[in-house]
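Observations on the model geometry
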Amino acid sequence: MWRDLHPLGRSEDSGGYRRYAWTPADTDCRAWFRAQAETRGLTYEVDRNGNQWAWLGDPAAGDAVVTGSHLDSVPDGGPFDGPLGIVAAFAALDDLRGTGTGTDTGTGTGTGNGSGAGTARLARPLGIVNFGDEEGARFGLACVGSRLAAGRLTRAQAFALRDADGVSLPEAMTAAGHDPEVIGPDPQRLARIGAFVELHVEQGRALDLSGDPIGIASAIWPHGRWRFDFRGEANHAGTTRLADRRDPMLPYAETVLAARREAELAGALATFGKVAVEPNGVNAIPSLVRGWLDSRAADQSTLDVLVGAVEQAAREHAERHGVDVAVVRESITPVVEFEHALRDEVGRILTDGTARPGAPVPVLPTGAGHDAGILSGTVPTAMLFVRNPTGVSHSPAEHAREEDCLAGVRALAKVLKGLAGSRTTARSSG
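Residues numbered from 1 in each chain as written. Predicted model: local features only at pLDDT ≥ 70, side-chain atom pairs only at ≥ 80, totals over all residues. Heavy atoms only, no water.

To continue, consider the pattern of salt bridges. For the structure shown, the criterion picks out 24 salt bridges. Note that D244 is salt-bridged to R241, the shortest N-O span being 2.9 Å. Judged by relative accessible area, R241 falls into the exposed class, the value being 53%. The partner of D404 in a salt bridge is R387, and the shortest N-O contact between them spans 2.9 Å. Placement of D404 in helix α13 (residues 402–419) and of R387 in the loop between β17 (381–386) and α13 is noted, with a sequence separation of 17 residues between them. (Salt bridge = Lys/Arg side-chain N within 4 Å of Asp/Glu carboxyl O. Buried < 20%, exposed > 50% of the residue type's maximum accessible area, 1.4 Å probe, protein only. Helix = DSSP H or I, 4+ residues; strand = E, 2+ residues; numbered from the N terminus.)

So this is what it looks like as structure tokens:
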């Protein structure tokens, strides 16, 4: 699976991935997902919001156990963020079938090939999902597919999204062959799900420092994106006196430094990682500098104080340079506490029968947003993390060792089997 997925959307220049929503690279990834589902005899479907689903068993039976993640990327992202969760999902299903585990909930067969008195059967359907546009690299809003499905993004808000070239989300969906007129909340589909477990490469070094290959998520920090528009006056770089300039680049630069200082004081995170400049000429003073702040903290009050301090610094610096500034909150995701009962059950499943019975699996928070966090308000959700030896993510240098990825597959298979309620049924002869 990795060999087939590896070249899709990869930049030869950077070695990173540019799998943006509703682009040819995204189409190729979607075709890969469909092929994986169909070669396994799974029921394949695309929902109204463009999310892809593969089912073992009849999803209409409800109370399904679902796993998956996303296949899109940030600009020049790494190979593991998102795809690991989907590759591991298919591999975990293969592992379950290889041990003779199937389902007797309806359509879809997983009869296994074991011998003996019976085959372990699952009482609940299993699903694998690829959520669309999780990273938000093209339209500036993360988790569009899961937000739409969960009713966290309205149809009107989705239709207003545009990429850097002015292409709207509906236009992009239409060009990719999906009807945008049907997008919107999908409560009936989400009602099928009794538990959602997302496996993801850790975006940090907590597991590497603790020496554990696998961890369980406790919570997602509250986080959001804010756009800072600094408007000055375009002029000639070679003839305009410094004293006569209204250069928006100066307060923007000072705000970037202020964000770093305020984040350190708050014990939180603040990053200006994207900037757009107009007219963007080497010999021209800018008329507009637009920068995007990504900020995250352990709790909402700390996040509010941090962003407020950065905004205050921006206004003070802008006033000193004769520049106007406007701050627009583009998205906000409150703190997500994953359901304790499901989290504890996942931990119990993983510790039962291990080489160190009762040895706890590490439980850790994360500052990164995920589809699991969006769904948490609608269905019980949990997350598994796979060790990242460097902590690097959203970069071509992102990496996870093969043995850790395989440990993730085994852990996910164990969790799916435990949650889906395996039982033994007699095998007919012949």
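That was the structure; now back to the text.
Moving on: the packing of aromatic side chains. A complete count under the given rule lists 11 aromatic pairs for this structure. Pairing F228 with F230 gives two aromatic rings, centres 6.5 Å apart and planes at 20°, and the pair type is stacked. Side by side, F228 and F230 carry an identical accessibility label, which is buried. Ring geometry for F228 versus F272: centroids 5.4 Å apart, planes at 75°, classification edge-to-face. Taken together, the positions of F228 in strand β9 (residues 223–231) and F272 in strand β11 (residues 269–278) put the pair 44 residues apart, joining distant regions of the chain. For the residue pair F228 and F272, the accessibility class agrees, reading buried in each case. An aromatic cluster is defined as three or more aromatic residues linked by ring pairs; in this entry it consists of W32, F33, Y44 and F90. (Phe/Tyr/Trp six-rings, centres within 6.5 Å; stacked < 30°, edge-to-face > 60°.)

Each neighbour pair has its own omega, and for E278 with P279 the value is 0°, a cis peptide bond. A positive phi angle is found at D76, which is not glycine, with a value near 55°. Within the element layout of this structure, D76 appears in the loop between β3 (64–69) and α3 (83–98). Positive phi, normally seen in glycine, also occurs at N280, with a value near 65°. Residue placement: N280 occurs in the loop between β11 and β12 (284–285).

Its place among the elements puts S146 in helix α4 (residues 144–150). Owing to a relative accessible area of 0%, S146 belongs among the buried residues under this scheme. If we skip the residues at most four places from it in the chain, S146 touches N51, F131, D371, I374 and L375. (Contact = heavy atoms within 4.5 Å.)

Strand order in the open sheet made by the 4 strands is β11-β13-β9-β14, with antiparallel pairing throughout. Strand pairing shows two members of the sheet lacking a second neighbour, β11 and β14 (324–333), which therefore form its edges. With strand direction ignored, the average angle separating the axes of adjacent strands in the sheet is 20°. Sheet topology note: the β9/β14 ladder contains 9 bridges and is antiparallel. Each residue of the ladder has a partner; that of W226, found in β14, is R329. Where helix α9 (residues 249–266) meets the sheet, its contacts fall on β9, β11 and β13 (288–296), and the angle it forms with β11 comes to roughly 170°. (Pairing = 2+ DSSP bridges. Axes fitted to C-alpha atoms, helices over the stretch in contact; angles between N-to-C directions.)

Take L56: it is sitting in strand β2 (residues 52–56). You can call L56 buried: its relative accessible area is 1%. Expressed as a C-alpha distance, the spacing of L56 and A37, which sit 19 residues apart in the sequence, is 9.5 Å.

Turning our attention to the packing of α9 against helix α10 (residues 300–320). Where α9 meets α10, the closest approach of the two axes is 9 Å, and the angle between their N-to-C directions is 150°. In terms of axis orientation, α9 runs roughly antiparallel to α10. Remark: the crossing between α9 and α10 carries right-handed chirality. In contact with P251, E254, T255, A258, A259, E262, A263 and A266 of α9, α10 contributes T302, L306, A309, V310, A313, A314, H317, A318 and R320. The residue makeup of the contact of α9 with α10, split by class, is 11 nonpolar, 3 polar and 3 charged. (Parallel < 35°, antiparallel > 145°, perpendicular 65-115°, else oblique. Left-handed = near helix turned anticlockwise from the far one by under 90°. Nonpolar A, V, L, I, M, F, W, Y, C, P; charged D, E, K, R; others polar.)

Attention now goes to the side chain of R19. Relative to the assigned elements, R19 resides in the loop between α1 (2–5) and α2 (24–39). Despite being buried, R19 has no salt bridge partner; D26 is the closest side chain of opposite charge, sitting 8.2 Å away. Separated by 2.9 Å, the side chain of R19 and the backbone oxygen of L5 make a polar contact. Reaching out from R19, the side chain makes a polar contact with the backbone oxygen of L8 at a distance of 2.7 Å. Those residues in contact with R19 that sit more than four places away from it in its chain are L5, H6, L8, G9, A25, C29, L71, D72, S73 and P83. (Lys, Arg positive; Asp, Glu negative; His and termini not counted. Polar contact = N/O pair within 3.5 Å; in protein donor to acceptor, adjacent residues only side chain to side chain.)

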